[in-house]
Amino acid sequence: MTSRTTLAVLEDRHSCLSQPAALEDRHSCLSKPPALEDRHSCLSKPHPERWGLTTKPSPIGFRCLSPKLPFAFRHYPRRADTMTSRTTLAVLEDRHSCLSKPAALEDRHSCLSEPAALEDRHSCLSTCLSRVYRLCLGLLALTLAAAGSADRRLDFAARERAEGPLRIGEVTGGGQVLIRLRSKAGSVLPRAQKAAEGLQKAAVAGLSPPALTVVVGPDGSSILKGDGQEIVTADKETAQLSSTTPTALAASWQSALNTVFREPYLVLSEPDGLQVPVDEARYVAYGGPLGKHLSATSGDEAVALAKLEPTNRRLKVYGAGPGDTAVALKAGALSLGLPVQVRFWAAKILPTAVAELTGSGQDGHTATRVAVNAALAAAQPQPGATVSAISTDREGPLFRVGVLATGQDCIDAKRQVEVTLKWVTPPTLEPVDVFVSNSPERIVALGSLMREQLLPDRAARFLYHHVNSTEQTVLFVARIANAGPGPAAAHVILGESGPDKDELGVGHAAAARFWREQRTGSGYVLQVPPMTASDIVRTPVGREAIVSGLAQITPLSSSPLLLEVAAVPVGHETEWVEPLRPEDYASPKLTTFRFGARKAVELKHEIGGAWTFFSLGKEGSTNEAGTYLAGDYGVLHEIDLELTNAREQTGFAEMEVRASGGVMRGLFLIDNVLHETGLLVGTQQERVLKLEVPSGATRRVRIETIPESASNYPVHLIVHSRLRNVP
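This is a predicted model, so every value here is computed, not measured. (Residues numbered from 1 in each chain as written. Predicted model: local features only at pLDDT ≥ 70, side-chain atom pairs only at ≥ 80, totals over all residues. Heavy atoms only, no water.)

## Things to note about the sheet that holds strand E11 (residues 281-287)
Hydrogen bonds between backbone groups are what pair the strands of a sheet, and the pairing can be parallel or antiparallel. What the four strands build is an open sheet, ordered E9-E11-E14-E13; its pairing is antiparallel. Each edge of the open sheet carries a strand with a single partner, namely strand E9 (267-268) and strand E13 (304-309). In this sheet, strand E14 (residues 314-319) lies alongside E11 in antiparallel orientation, the contact comprising five bridges. Residue pairing for E14: Arg282 is matched across the bridge by Val317. (Pairing = 2+ DSSP bridges. Helix = DSSP H or I, 4+ residues; strand = E, 2+ residues; numbered from the N terminus.)

See below:
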């Protein structure tokens, strides 16, 4: 608008330049003195050889004087700068008001009506006309200078708006609407976006007006193409809603685009900006006046370095350090800026990983868990970044895990990690400690439930049992946190169950699975990167639902590890590695839920003698902090039962389990054979052992049991016997 406004005002106010007749009417003395005609005939017959001027058709409809410059004068669009034309016209009116005020011209130069004065070699008219030419040349130079210095950033974009029942999609470029698509059938934004993308690619490739063509389609539509590639189609509906034909509509688009591509411009394949990782390079294709000298300059070379690769027509931007800057591209009088952000990757993700399993009893759930953990551990995140698994596929022993890392002021990292399963020998350490997460049993608010320290070379057992009594679904999490500077690992055998509302069923199912996994050594190696936490349980739990579990954890490194249990908001259910906040782990506050992992019990029974009783879970346990564990839940009871037969007859001994504390179920490993009771209520009891003891013999029986969640204790073990042939 700048050039057009300036020239239009010039045409309106100074019509004397293009209409000599009007000047002759006012100042008829011009046609009388021959000397004046000879000297100033340039008013009606411009002499290019004298003034160095040529006449050319103006793009706004009138003829004007233009200097013999290397390129033709034409309209150079600007974005928002209108000060040039306003300032130019203000100066023009102030200094040369005689051009717009003929009366004043007559008053100031009355010599025009006096022929004698006209014959004067230095007449005032000669002076005035010289000023007119100088003014024209000055105005032309100002217009060209203003247009030449304008940024000509050619970016194409799409948008959509509603107009009554119509949806109108618009493609913009160079600050104007170039293509309009109308429809009553629904959104036309996808068509507009496709056209904008096609034009952007064509501009980067150096599209020129001759390469824009219109081809008639087989259905009567008209297709606008650029270098043979379809850009947009004018179908019958679009044309009808535009009150024209497909051919005319496509031709109007072609005309508008011809104007845009005819002007000098610069264009980038990434017009909105570029994000570059630290110590890496990214490339942006460019298009425009490639014949001119093009330069690229970084605003801050400590952040980014810029280099042009003319052969490939692309700009190389190298990330030198984190920060924000801009790269300036210049080609002659054209220039544009490319915003550049340089950031660290949220994590460096390795392409492969190995997941270590032990034993032979793992199901698909366990294999998937260990594969996901190994893939996430293969990431090396920035401080504060979060690593998540977003997909998991399996082909035999090979898993493909999609890993995503995100972090504030970081570039998201995404990669597919190939994880191979590998079987290794399980550790043989027996648990020394048992950690019990059951206080409070009912979760009434989000937050931490337990935090205890795992010691190197010291195995531990872990029991949890919780009911969600909040008003919302929560995410129950049990995890191992590594607050050390190096990677750590722990071997995990886990039996978990829930969520479910059958409390006794959940507790017993978790214990039963643990016994099966523990007996075969079926577990996995959990990888825990430095300053992160790796989950062993991550389960959404609905209102009044219950989760329960029993695990054995053996640290495999010297790094300080913490076992944590928490109820957190639902979200990121696939997230298995979480960064630790250093301020929370400089001196972590621990709970007091560490107890001894085992109790040894010796029982003796005489065949044919009095019954022998043992009350399992009656005494409970009290730890060094004074915390009492009622029922001894999670504590392994190793019972050595000695049966002695001093009689002359063969004896038979039996052991029964009685539900003395209420409803219960139990698991008893007797001489390495696992016995599982049914549901017992009140004084109900069930036999779990029957053994023959010959006369004069002593038999020893090893019984192992762990009080399980949700069952009621104490539970009585009753040993009684009889002799052969004695009822």
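Next, the rest of the story.
## Description of the sheet that holds strand E36 (residues 598-606)
Pairing within the open sheet is mixed, and its five strands lie in the order E36-E40-E45-E42-E43. Single-partner strands in this sheet number two, and they are E36 and strand E43 (673-676). Recorded for the sheet is a direction-independent mean angle of 25 degrees between the axes of neighbouring strands. Sitting on the sheet, helix H13 (residues 503-520) is in contact with strand E40 (636-644), strand E42 (667-670), E43 and strand E45 (698-705), with an inclination near 25 degrees to E42. (Axes fitted to C-alpha atoms, helices over the stretch in contact; angles between N-to-C directions. Contact = heavy atoms within 4.5 Å.)

## Observations regarding the pattern of salt bridges
Summed over all chains, the structure comprises 28 salt bridges. A salt bridge links Asp433 to Arg458, with the shortest nitrogen-to-oxygen separation between them at 2.8 Å. Within this pair, whereas Asp433 is found in strand E24 (residues 433-437), its partner Arg458 is found in the loop between strand E26 (447-454) and strand E27 (460-468), the two being separated by 25 residues in sequence. The partner of Asp640 in a salt bridge is Arg702, with the nearest N and O atoms 3.8 Å apart. (Salt bridge = Lys/Arg side-chain N within 4 Å of Asp/Glu carboxyl O.)

## A closer look at the packing of aromatic side chains
All told, the structure shown has four aromatic pairs when counted by the stated rule. A centroid spacing of 5.5 Å and a plane angle of 40 degrees characterise the contact between Phe462 and Tyr464, whose relative ring orientation is tilted. Ring geometry for Tyr464 versus Phe476: centroids 5.1 Å apart, planes at 35 degrees, classification tilted. A residue pair is termed long-range when its members are at least 10 positions apart, and Tyr464 in strand E27 and Phe476 in strand E28 (residues 474-482) qualify at twelve residues. Taken individually, Tyr464 and Phe476 each receive the classification buried, so the pair is uniform in this respect. One aromatic cluster is present, formed by Phe462, Tyr464 and Phe476 through successive ring pairs. It is Arg314 that lies over the ring of Tyr283; its NZ or CZ is 3.8 Å from the centre. (Phe/Tyr/Trp six-rings, centres within 6.5 Å; stacked < 30°, edge-to-face > 60°. Buried < 20%, exposed > 50% of the residue type's maximum accessible area, 1.4 Å probe, protein only. Lys NZ or Arg CZ within 6 Å of the ring centre and 35° of its normal.)

## Describing the confidence of the model for the protein chain
When pLDDT is averaged along the protein chain, the result is 80; 77% of the residues meet or exceed 70. Scored below 50 in pLDDT, residues 1-151 makes 144 contacts in the model with residues more than four places away or belonging to other chains. (pLDDT = per-residue confidence, 0-100.)

## Concerning unusual backbone geometry
If a residue is not glycine, its phi is most likely negative; likewise, a peptide bond is most likely trans. In this structure, Pro440 follows Ser439 across a cis peptide bond, with omega equal to 5 degrees. The residue Pro440 is located in the loop between E24 and strand E25 (442-443) in this model. Cis geometry is found at the peptide bond from Gly498 to Pro499, where omega equals 10 degrees. As for its position among the elements, Pro499 is in strand E29 (residues 488-500). Not every positive phi belongs to a glycine, and Asp457 is a case in point at roughly 55 degrees.

## Some points on the side chain of Asn373
Tracing the backbone through its elements, the reader meets Asn373 in helix H12 (residues 364-377). Relative accessible area serves as the criterion here: at 3%, Asn373 is assigned to the buried category. Look past the residues within four positions of Asn373 in its chain and what remains in contact with it is Val525, Leu526, Gln527 and Ser534.

## Description of the pairing of strand E18 (residues 352-358)
With six bridges connecting them, E18 and strand E23 (residues 413-423) associate as parallel partners. Counted as the bridge partner of Glu356 is Lys422 from E23. By the bridge criterion, two bridges tie E18 to strand E30 (residues 523-528) in an arrangement that is antiparallel. Bridge pairing links Thr358 to Gly523 in E30.

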